[in-house]
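# Fold and geometry: a report
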Amino acid sequence: MPAVLAPARGRRGSLRVADRVFVKVAARAARDALDVACPGLPAPGTPPHVSVSVPGRTATVRVGVELPFPSDLAALARIVRDRVAEQVAALTGTRVVEVTVLVERLLPVTGGE
């Protein structure tokens, strides 16, 4: 079998990840983070609102979420922020320089709380 040679470094081309891919990855990461952090709560009806800016090789992400109340909002926001940064970087290969979490709505927790 003949050997396959990789193209020279300058001729390899480049990969461009569409902004909508960043949005989907970040939204899924935010939802997964909340599912893990708040087990047993019904999933909120509104998916996270996400916007991204990808100037060059870095990404800035803004995520709007609905959080249960009462709860430790700051801790939940940190969990979302960390998960979004980790997943976006891991799945896109882009360094995430900032994730802003905006609490858009509080969902009252009823029942045994």
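Here, residues in each chain are numbered from 1, in the same order as that chain's written sequence. For this predicted model, a pLDDT threshold of at least 70 governs which residues receive local features, and a threshold of 80 or more governs which side-chain atom pairs are given and counted, while totals over whole chains, interfaces and linings are taken from all residues. Each side-chain value is derived from all of the structure's non-hydrogen atoms; neither hydrogens nor water enter the calculation.

### A few points about helix α2 (residues 73–92)
- In this description a helix means any DSSP run of H or I spanning at least four residues, a strand means any run of E spanning at least two, and both kinds are numbered starting from the N terminus. By this rule the span expected of a helix is its residue count minus one, scaled by 1.5 Å. Its 20 residues place the ends of α2 28 Å apart at the C-alpha level, agreeing with the 28 Å of an ideal helix rising 1.5 Å per residue.
- For every residue, the accessible area obtained with a 1.4 Å probe (protein chains only) is divided by the maximum for its type, and the residue is called buried under 20%, exposed over 50%, and partly exposed between those limits. Taken residue by residue, α2 has Leu76, Ala77, Val80, Val84, Val88 and Thr92 as its buried positions. In a view along the axis of α2, the buried residues occupy a sector of 100°, so they form one face of it.
- On the buried face of α2, the contacting elements are α1 (19–37), β2 (58–69) and β3 (95–108).
- One or two residues past the end of α2 sits Gly93, with phi positive at roughly 75°. For this quantity, the arc is that covered by the directions from the helix axis to the C-beta atoms. Note on contacts: a residue pair is in contact if any heavy atoms of the two residues lie within 4.5 Å.

### Digging into the layout of surface pockets
- Computed from the structure, the largest pocket encloses a volume of approximately 360 Å³.
- In this analysis, the protein atoms alone were mapped onto a 1 Å grid. Cavities are point sets where a 1.4 Å probe fits without being able to get out; pockets are open sets with protein on both sides within 12 Å along at least five of seven lines; lining residues have an atom within 4 Å of a point. Forming the boundary of the largest pocket are Gly13, Ser14, Leu15, Arg16, Val17, Phe22, Val54, Gly56, Arg57, Thr92, Gly93 and Thr94.
- Split by residue class, the lining of the largest pocket holds 4 nonpolar, 6 polar and 2 charged. Grid points are joined across faces, edges and corners, and a volume is the space filled by probe spheres set on the points. Three classes are used, and their members are as follows: Ala, Val, Leu, Ile, Met, Phe, Trp, Tyr, Cys and Pro are nonpolar, Asp, Glu, Lys and Arg are charged, and the others, Gly among them, are polar.

### Some thoughts on the packing of α1 against α2
- Direction vectors running N to C along α1 and α2 enclose 140°, while the axes themselves pass 8 Å from each other. As the angle between them shows, α1 and α2 are arranged oblique. Of the two possible hands of crossing, α1 and α2 adopt the one that is right-handed. Within the contact between the two elements, α1 uses Phe22, Val25, Ala26, Ala29, Ala30, Asp32, Ala33, Leu34 and Ala37 and α2 uses Leu76, Ile79, Val80, Arg83, Val84, Gln87, Val88, Leu91 and Thr92.
- When the residues that make up the contact of α1 with α2 are grouped by side-chain class, the tally is 14 nonpolar, 2 polar and 2 charged. Note on geometry: axes are C-alpha line fits, over the in-contact stretch for helices, and angles between N-to-C directions span 0 to 180 degrees. Our angle categories are set so that under 35 degrees counts as roughly parallel, over 145 as roughly antiparallel, 65 to 115 as roughly perpendicular, and the remainder as oblique. The crossing is said to be left-handed when, going from far helix to near helix, the turn is anticlockwise and less than a right angle, and right-handed when the turn is clockwise.

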